[in-house]
Amino acid sequence: MTKKKLRSQEWYGRTGKDGFIYRSWMKNQGLPHHLFEGEKPVIGICNTWSELTPCNAHFRDLAEALKRGIWEAGGFPLEFPVMSLGECSIKPTAMLFRNLASMDVEESIRANPMDGVVLMCGCDKTTPSLVMGAASVDIPAMVLSSGPMLVGRFKGKKIGTSDIWRFAEDFKLGKLSQEEFIEAEAAMSRSVGHCAPMGTASTMAAMVEALGLALPDNATIPAADSRRKVLAHMTGMRIVELVKEDIKMSQILTRNAFENAIMVNAAVGGSTNFILHLTAIAKRIGVELDLTDFDYFSSKIPLIANVQPSGEYWVEDLFYAGGLPAVMREIEKHLHRDALTVNGKTIGENIAKAECWDRNLIGTLDNPIKPESGIAVLKGNLCPNGAVLKPSAATPNLLVHTGRAVVFENIDDYKAKVDDPNLDIDETCVMVMKNVGPKGYPGMPEVGNMGLPKKLLEQGVKDMVRISDGRMSGTGFGTVVLHVSPESAIGGPLAFVQNGDMISLDVPNRTLNLLISEEEFEKRRIGFIPTQLPYERGYVNLFLDKVNQAHEGVDFDFLQGSSGSEVKRDSH
Ligand code: FES
Ligand code: MG
């Protein structure tokens, strides 16, 4: 068998002027000539380190462990930065820039001499943006995730991101002072890593492990645990082999891998954001996947991992209980056990020896943490292209509910009215928020789990049905209908809801309907005036022009698919 020439040799293996140019400046880093001779695969380290992305702020250190592994296995690591999206700081929402970051990743990988790439992902959007970008190039790739923070402690109680929503209610009711709030801030974020519950970051880390893009245990080893560095080292060693075996992303990301990821997401009670990101990744790699797949494959799987927000504990605890492999082993009869993963073994082989050490953390198919999990996909006259709800985070007796709509035209209207004592609302009402979809906000922010009116909180109301075309934080909970498609800003039926209309939600039958006559519906449709989108230039203008709807993954239409890894022309 003749050895396949490395991709990087299209640059470094050249003679004459071209080879000089591709190599000479690289040597100013003290790199000896033999590194360029084509014996050592060049491994790109796609790093989302940034002090503005605190969940990834330990990535310089983690990258060093990764490099040690790459060197040990005979590779040649070259680290490069890409746009990093910090969920906690970016306005109006990090989701607005996920596609932009994915373009940075795609073009950086394709344009540069690398044979394989390790994607260093952590905070929510940093995983899908890197996986989407790399998938559109399709070279051998592995993901190394951040790992969760150590669980915080406040007033003797364990806390993590899901507690913010509870603290916010207590603050509204005067049970928590501003001083106590500030204390809680420091108590919650006491170590490196991303959010401690099964929020979107951990959901994404579980997703890449279930897809087979990361080594076992990538999803749960805490960021501060030295074993995270061991994982980085082993990832570095393995990516070199993956290049030699020439196993590309498209060989890992098969339809079966996506089905596995959907089932695992149900087992861990993962974030609803999973739907948007997995859909976008599937469209990049060319795998057919639509909303109904999420409902169909997750409906077989109950909640196995007892982790917040669907359960009680934290991702850190899940690691000590056996991690994701132990969770996957509980549902293995449903999984495609023969799906290939980046370590060269199948999912089935990877989980064969996994053990559960704590039944408080990991349930079984016969004795799950909750019988219902996953994603319910709703259809009806309010959401012709679908809407989603996470049953494990909802209140069971609200899953079938008909109530009077209380409408907020946009986020500003909501903020102005929600705590007004004169707002005509009670706990049986359905809260509706418009104009928080991909184009309407823009960027589809995490405001779908809108806080309840103060006067109802004071009465002890804990949950109400809420409907919007926005998203919800992976750490959020409640009977919240999200991702209504098409969105209201472009004339989706949500735009036609008026105060006092009756809305019927029936999760067991998967329906969401506005109870008005056909004639009235048509009348409102004809009278609809689209929202004026105020952006005239720059990236946001491109976003508004090219973004598709929630059921299609909120990607840009022109980014779907792959352009491969070949670049025909030289730079000089
Ligand atoms: Fe970064 Fe939650 S804010 S993972
Ligand atoms: Mg989030």
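None of these values were measured; they are calculated from a predicted model. (Residues numbered from 1 in each chain as written. Chains lettered and ligands numbered in written order. Predicted model: local features only at pLDDT ≥ 70, side-chain atom pairs only at ≥ 80, totals over all residues.)

## Some thoughts on the packing of helix H8 (residues 200-211) against helix H12 (residues 273-285)
Packed helix pairs are specified by the crossing angle of their axes together with the interaxial distance, meaning the distance between the axes.
Thinking step 1. In the contact formed by H8 and H12, the axes pass within 10 Å of each other and the chain directions differ by 40°. One way to sum up the angle between H8 and H12 is to call them oblique. You can see that H8 and H12 cross each other, and the crossing is right-handed. Of H12, the residues touching H8 (which contributes Thr200, Thr203, Met204 and Met207) are Asn273, Phe274, His277 and Leu278.
Thinking step 2. Grouping the amino acids of the contact of H8 with H12 by side-chain chemistry returns four nonpolar, four polar and no charged. (Axes fitted to C-alpha atoms, helices over the stretch in contact; angles between N-to-C directions. Helix = DSSP H or I, 4+ residues; strand = E, 2+ residues; numbered from the N terminus. Parallel < 35°, antiparallel > 145°, perpendicular 65-115°, else oblique. Left-handed = near helix turned anticlockwise from the far one by under 90°. Contact = placed C-beta atoms within 7 Å. Nonpolar A, V, L, I, M, F, W, Y, C, P; charged D, E, K, R; others polar.)

## Digging into the domain arrangement of the protein chain
Thinking step 1. Domain parsing of the protein chain yields domain 1 (40-150 + 191-351) and domain 2 (376-526).
Thinking step 2. Between domain 1 and domain 2, the C-alpha centre-to-centre distance is 32 Å.
Thinking step 3. Contacts between the two partners involve 22 residues from domain 1, matched on the other side by 22 residues from domain 2.
Thinking step 4. Of all the elements in the fold, those that place two or more residues in the side of domain 1 that touches domain 2 are H8, H12 and helix H13 (291-298).
Thinking step 5. The element that contributes the greatest number of residues to the side of domain 1 that touches domain 2 is H13, accounting for four residues.
Thinking step 6. For the side of domain 1 that touches domain 2, the class distribution of residues is 11 nonpolar, 10 polar and one charged. (Domains from an automatic or database assignment.)

## Remarks on the sheet that holds strand S1 (residues 42-47)
Neighbouring strands of a sheet are bound in pairs by backbone hydrogen bonds; such pairs are parallel or else antiparallel.
Thinking step 1. Reading across the sheet, the four strands line up as S2-S1-S3-S4 and stay open at both edges, with parallel pairing between neighbours. The sheet terminates laterally at strand S2 (76-81) and strand S4 (141-145), the two strands that pair on one side only. Ignoring which end each strand starts from, the neighbouring axes of this sheet average 20° apart.
Thinking step 2. Across five bridges, the pairing between S1 and strand S3 (residues 116-121) is parallel. What sits directly across from Ile43, in S3, is Gly116.
Thinking step 3. In the packing of helix H3 (residues 59-72) onto the sheet, contacts are made with S1, S2, S3 and S4, and the angle to S1 comes to roughly 165°.
Thinking step 4. Packing of helix H5 (residues 126-135) onto the sheet brings it into contact with S1, S3 and S4, and relative to S3 it is tilted by some 165°. (Pairing = 2+ DSSP bridges.)

## Section: the nonpolar core
Thinking step 1. Val118, Leu119, Ala134 and Ala305 are the most contacted members of the largest nonpolar core, which totals 170 residues.
Thinking step 2. The biggest single contributor to this core is helix H11 (residues 255-268), with nine residues.
Thinking step 3. Excluding its chain neighbours within four sequence positions, the residues that come into contact with Leu119 are Cys46, Leu130, Val131, Ala134, Ala141 and Val143. (Core = buried A, V, L, I, M, F, W, Y, C linked by C-beta atoms within 7 Å. Buried ≥ 20, exposed ≤ 12 C-beta atoms within 10 Å, placed from the backbone.)

## Topic: unusual backbone geometry
Note: most residues except glycine have negative phi, and most peptide bonds are trans.
Thinking step 1. Each neighbour pair has its own omega, and for Gln308 with Pro309 the value is 5°, a cis peptide bond.
Thinking step 2. When you line up the elements, Pro309 lands in the loop between H13 and helix H14 (315-320).
Thinking step 3. For the bond running from Ser485 to Pro486, omega is -5°, close enough to zero to count as cis.
Thinking step 4. Residue placement: Pro486 occurs in the loop between strand S12 (480-481) and strand S13 (502-506).
Thinking step 5. With a phi close to 60°, His483 is a non-glycine residue in the positive phi region.
Thinking step 6. Among the secondary structure elements, His483 is positioned in the loop between S12 and S13.
Thinking step 7. A positive phi angle, close to 60°, is found at Arg510, a residue other than glycine.
Thinking step 8. Note that Arg510 resides in the loop between S13 and strand S14 (511-514).

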